[in-house]
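Structure assessment
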Amino acid sequence: LRWVRGAGVIEVTLPWPPTVNTYYRNVKGKTLISEDGRAYRKAVAEQVLVQRVKRQEGSLRVLIEAYPPDRRVRDLDNLPKAILDSLTKAGVWADDSQIDDLRIVRMPTSGGMVKVRVS
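The rules behind each value
Each residue is numbered by its place in its chain's sequence as written, counting from 1. Reporting of local features is limited, given that this is a predicted model, to residues whose pLDDT is at least 70; pairs of side-chain atoms are given and counted only at 80 or more, and all residues count toward the totals for whole chains, interfaces and linings. Side-chain measures were taken over the full set of non-hydrogen atoms in the model, leaving aside hydrogen atoms and water. By definition, any uninterrupted DSSP run of H or I lasting at least four residues is a helix, any uninterrupted run of E lasting at least two residues is a strand, and each is numbered from the N terminus. Note on contacts: a residue pair is in contact if any heavy atoms of the two residues lie within 4.5 Å. With a 1 Å grid laid over protein atoms only, a set of points is called a cavity when a 1.4 Å probe fits there but cannot get out and a pocket when it is open yet has protein on both sides within 12 Å along at least five of seven lines; lining residues have an atom within 4 Å of a point. Grid points are joined across faces, edges and corners, and a volume is the space filled by probe spheres set on the points. As a working rule, the residues Ala, Val, Leu, Ile, Met, Phe, Trp, Tyr, Cys and Pro are called nonpolar, Asp, Glu, Lys and Arg charged, and the rest polar, with Gly in that last group. Paired strands are those between which DSSP finds at least two bridges. For helices, the fitted axis covers only the stretch in contact; all axes are lines through C-alpha atoms, and the angles between them, taken along N-to-C directions, range from 0 to 180 degrees. We define a salt bridge as a side-chain nitrogen of Lys or Arg found within 4 Å of a carboxyl oxygen belonging to Asp or Glu. For each residue, the accessible area found with a 1.4 Å probe, counting protein chains only, is set against the maximum for its type, and the residue is called buried under 20%, exposed over 50%, and partly exposed in between. Roughly parallel covers angles under 35 degrees, roughly antiparallel covers those over 145, roughly perpendicular covers 65 to 115, and oblique covers all other angles. Definitions for this section: a left-handed crossing has its near helix turned counterclockwise from the far helix by less than a right angle. A right-handed crossing has that turn clockwise.

A short note on the side chain of Ser-86
If you trace the backbone, Ser-86 turns up in helix 3 (residues 80-89). For Ser-86, the residues in contact, after removing those within four places along its chain, are Tyr-23, Tyr-40, Arg-41 and Val-44.

Put into structure tokens, the structure is as follows:
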């Protein structure tokens, strides 16, 4: 995978997402986005505005670089749901079904953030 900045590639830095276990809540038999999940969505939307991310069309490739907040063991496959749903809600793309290539890479511990590259 070759990423050339400026050649149709956008990059956005986001806060570390809530776990899948805290992103959703079941209320009276319905699955809803939790308070933590709504707060994360809001933080992502703010970063998308601040970083002037433009809406992406067509087939997409997404690389998530995960910089964990600490040294605890984490499953990488739990990360993308909150990130991708929040980027969809923020209008980075119409729907995350546009993503044909999704990669997640664990990076060194660095206070907890994710860098997302889209092309």
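Things to note about empty space enclosed by the protein
For the structure shown, the criterion picks out one cavity of 30 Å³ or more. Estimated volume of the largest cavity: approximately 40 Å³. Taken together, Trp-16, Ala-66, Pro-68, Arg-74, Asp-75, Leu-76, Leu-79 and Arg-106 form the lining of the largest cavity. Residues belonging to the lining of the largest cavity are distributed by class as follows: five nonpolar, no polar and three charged.

Thoughts on the layout of surface pockets
Reported here for the largest pocket is a volume of approximately 220 Å³. What lines the largest pocket is simply Trp-16, Pro-17, Pro-18, Thr-19, Val-20, Asn-21, Arg-72, Val-73, Arg-74, Asp-75, Asn-78 and Leu-79. Classifying every residue of the lining of the largest pocket gives six nonpolar, three polar and three charged.

What about the sheet that holds strand 4 (residues 60-67)?
Strand order in the open sheet made by the four strands is 1-6-4-5, with mixed pairing throughout. Every interior strand has two partners, whereas the edge strands, strand 1 (10-15) and strand 5 (99-106), have only one. Neighbouring strand axes in the sheet, compared pairwise and without regard to direction, differ in orientation by 20° on average. Two elements, strand 1 and strand 6 (residues 113-118), share six bridges in a ladder whose sense is antiparallel.

Let's talk about the pattern of salt bridges
Using the criterion set out here, one finds seven salt bridges in the structure. For Arg-117, the salt bridge identified is with Glu-65, shortest N-O distance 2.8 Å. Of this pair, Arg-117 sits in strand 6 while Glu-65 is found in strand 4, placing the two residues 52 residues apart along the sequence. Neither residue differs from the other here; Arg-117 and Glu-65 are each classed as buried. Bridged by salt links that share partners, the residues Glu-11, Glu-65 and Arg-117 form one connected network.

A closer look at the packing of helix 2 (residues 35-50) against helix 3
Between helix 2 and helix 3, whose axes approach to 9 Å, the crossing angle comes to 55°. By the angle between their axes, helix 2 is oblique relative to helix 3. Our pair here, helix 2 against helix 3, has a crossing hand that is right-handed. Residues Tyr-40, Arg-41, Val-44 and Val-48 of helix 2 lie in contact with helix 3, whose contacting residues are Ala-82, Ile-83, Asp-85, Ser-86, Leu-87 and Lys-89.

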